Amino acid sequence: MTATRIDGKAVAADLRAEVAAKVARFQRRTGRLPGLTVVLVGDDPASEVYVRNKGIQTREAGMISNEIKLEGNTSQAELLQIVAALNADPTVDGILVQMPLPRQIDTQAIIEAIDPAKDVDGLHPVNAGKLNQGIAALTPCTPLGCMILLERAGVAVAGASAVVIGRSILVGRPVAALLLAAHATVTIAHSRSKDLPAICRQADIVIAAVGKPELVRGDWIKPGAAVIDVGINRVPKDDGKTRLVGDVHFASAAEVAGVITPVPGGVGPMTIACLLQNTLTAACSREKIDPKGL
């Protein structure tokens, strides 16, 4: 068996186009555009590239994109003041504070300061609590992207046995909640799980989000299973350069799985596309519009 690759770039492009079409209809109904503001503290190169790409794709979707760039020595009090101002700004529908933050800033305090209705990262405890109770809420972008990839690959989630490797608040826990809401039977595995290969072998769906390069091998995969690889790891090559790999050993897993996401080009492109969707959802909520009806 050779697995079918799930083309995350193509799915993300389709989703961005769908969002853009809905943004145009939103503008016709409300007379305004959804607005996203991203706050970047410091000069981390990877964060700067990511923020720049967010801005480009936000504008391409027809939304208002603003960036606030702060020095790396910005205090927590200063950042909290900025968040409070954005919470009160009627032109801002979505607020995203780019992580990681400098050491002097308590990340959780910043997450909790963001208005849950504008929390397009989906990390505020209110949104996390709603998600775990099965109540509609803004959902973390990468887990949402995983679910969209499964749906568009034709994977039947209801009734399936799903294993999530990793229990972070960014991916593992929220994607497990989304799978439960979609009627899967879910196991969350982690660093202390005993006999992880055996746990994975019983799964119809494996979502790997543990941050360990090529941890999941082909002989861990149930024949025909769906494999979603969230990992992005940079490993050395023989020539001294580096290459990107996921948490799944792609070559061996692809020989067994039914469908599989590559790294790069799988889950990664979905993150910004889902951020745009979350921003539109937040704007619709403020205007009391059902985004599904746009």
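Note that this is a predicted model, so its numbers are computed, not measured.

This part is about the overall build of the protein chain. Looking only at helices and strands, the protein chain features ten helices and eleven strands. Its C-alpha atoms give the protein chain a radius of gyration of 19 Å, within 12% of the compact-globule value 19 Å for 294 residues.

Summed over all chains, the structure comprises five salt bridges. In this structure, Glu-18 and Arg-152 form a salt bridge, with 3.0 Å as the shortest nitrogen-oxygen distance. Of this pair, Glu-18 sits in helix α1 (residues 8-30) while Arg-152 is found in helix α6 (residues 141-152), placing the two residues 134 residues apart along the sequence. Note that Glu-287 is salt-bridged to Arg-32, the shortest N-O span being 2.7 Å.

Within strand β2 (residues 35-41), seven of the seven residues are buried, which leaves it mostly tucked inside the rest of the structure. Of the two faces of β2, the one holding Gly-35, Thr-37, Val-39 and Val-41 and the one holding Leu-36, Val-38 and Leu-40 are both buried throughout. Examined bridge by bridge, β2 and strand β3 (residues 64-70) share seven bridges and lie parallel to one another. Residue Gly-35 lies in a different strand from β3, and its bridge partner there is Ile-64. Each parallel crossover has a hand, and for β2 linked through helix α2 (residues 45-60) to β3 it is right-handed.

Turning to the sheet that holds strand β5 (residues 161-165), a few remarks are in order. Pairing is parallel in the open sheet, where six strands are placed in the order β1-β11-β8-β7-β5-β6. Pairing within the sheet leaves two strands with one partner each, and these edge strands are β1 (4-5) and β6 (185-189). Of the pairings in the sheet, the one linking β5 to β6 comprises five bridges and is parallel in character. The residue bridging Ala-162 from the neighbouring strand is Val-186, located in β6. Each of β5, β6 and β7 (205-208) touches helix α7 (residues 172-181); the most contacted strand, β5, lies at about 170° to it.

Turning to the pairing of β5, a few remarks are in order. Of all five residues in β5, five are buried, a share of seventy percent or more. Each parallel crossover has a hand, and the one from β5 via α7 to β6 is right-handed. Pairing of β5 with β7, which is carried by four bridges, proceeds in the parallel orientation. The residue of β7 that forms the bridge with Val-163 is Val-206.

Strand order in the open sheet made by the three strands is β3-β2-β4, with parallel pairing throughout. Whereas interior strands pair on both sides, the edge strands pair on one side only; in this sheet they are β3 and β4 (94-97). Across the sheet, the axes of successive neighbouring strands diverge by a mean angle of 15°, strand direction being ignored. Against the sheet, α2 makes contact with β2, β3 and β4, and its axis sits at roughly 160° relative to β3, the strand it touches most.

Of note, the amide linkage connecting Met-99 to Pro-100 takes the cis form, showing an omega dihedral of 0°. With respect to the helices, strands and loops of the structure, Pro-100 is situated in the loop between β4 and α4 (107-113). One non-glycine residue, Glu-214, lies in the positive phi region at around 50°. For Lys-288, which is not glycine, the phi dihedral falls at a positive 55°. With respect to the element layout, Lys-288 can be found in the segment after α10 (268-286).

Bringing the side chain of Asn-278 into the picture now. By secondary structure assignment, the location of Asn-278 is in helix α10. Only 2.8 Å separates the side chain of Asn-278 from the backbone oxygen of Thr-139, close enough to count as a polar contact.

Reading guide: rules and limits
- Residues numbered from 1 in each chain as written.
- Predicted model: local features only at pLDDT ≥ 70, side-chain atom pairs only at ≥ 80, totals over all residues.
- Heavy atoms only, no water.
- Helix = DSSP H or I, 4+ residues; strand = E, 2+ residues; numbered from the N terminus.
- Rg over C-alpha atoms; globule rule 2.2 N^0.38 Å.
- Salt bridge = Lys/Arg side-chain N within 4 Å of Asp/Glu carboxyl O.
- Buried < 20%, exposed > 50% of the residue type's maximum accessible area, 1.4 Å probe, protein only.
- Pairing = 2+ DSSP bridges.
- Right-handed = clockwise from strand over helix to strand, strands pointing away.
- Contact = heavy atoms within 4.5 Å.
- Axes fitted to C-alpha atoms, helices over the stretch in contact; angles between N-to-C directions.
- Polar contact = N/O pair within 3.5 Å; in protein donor to acceptor, adjacent residues only side chain to side chain.

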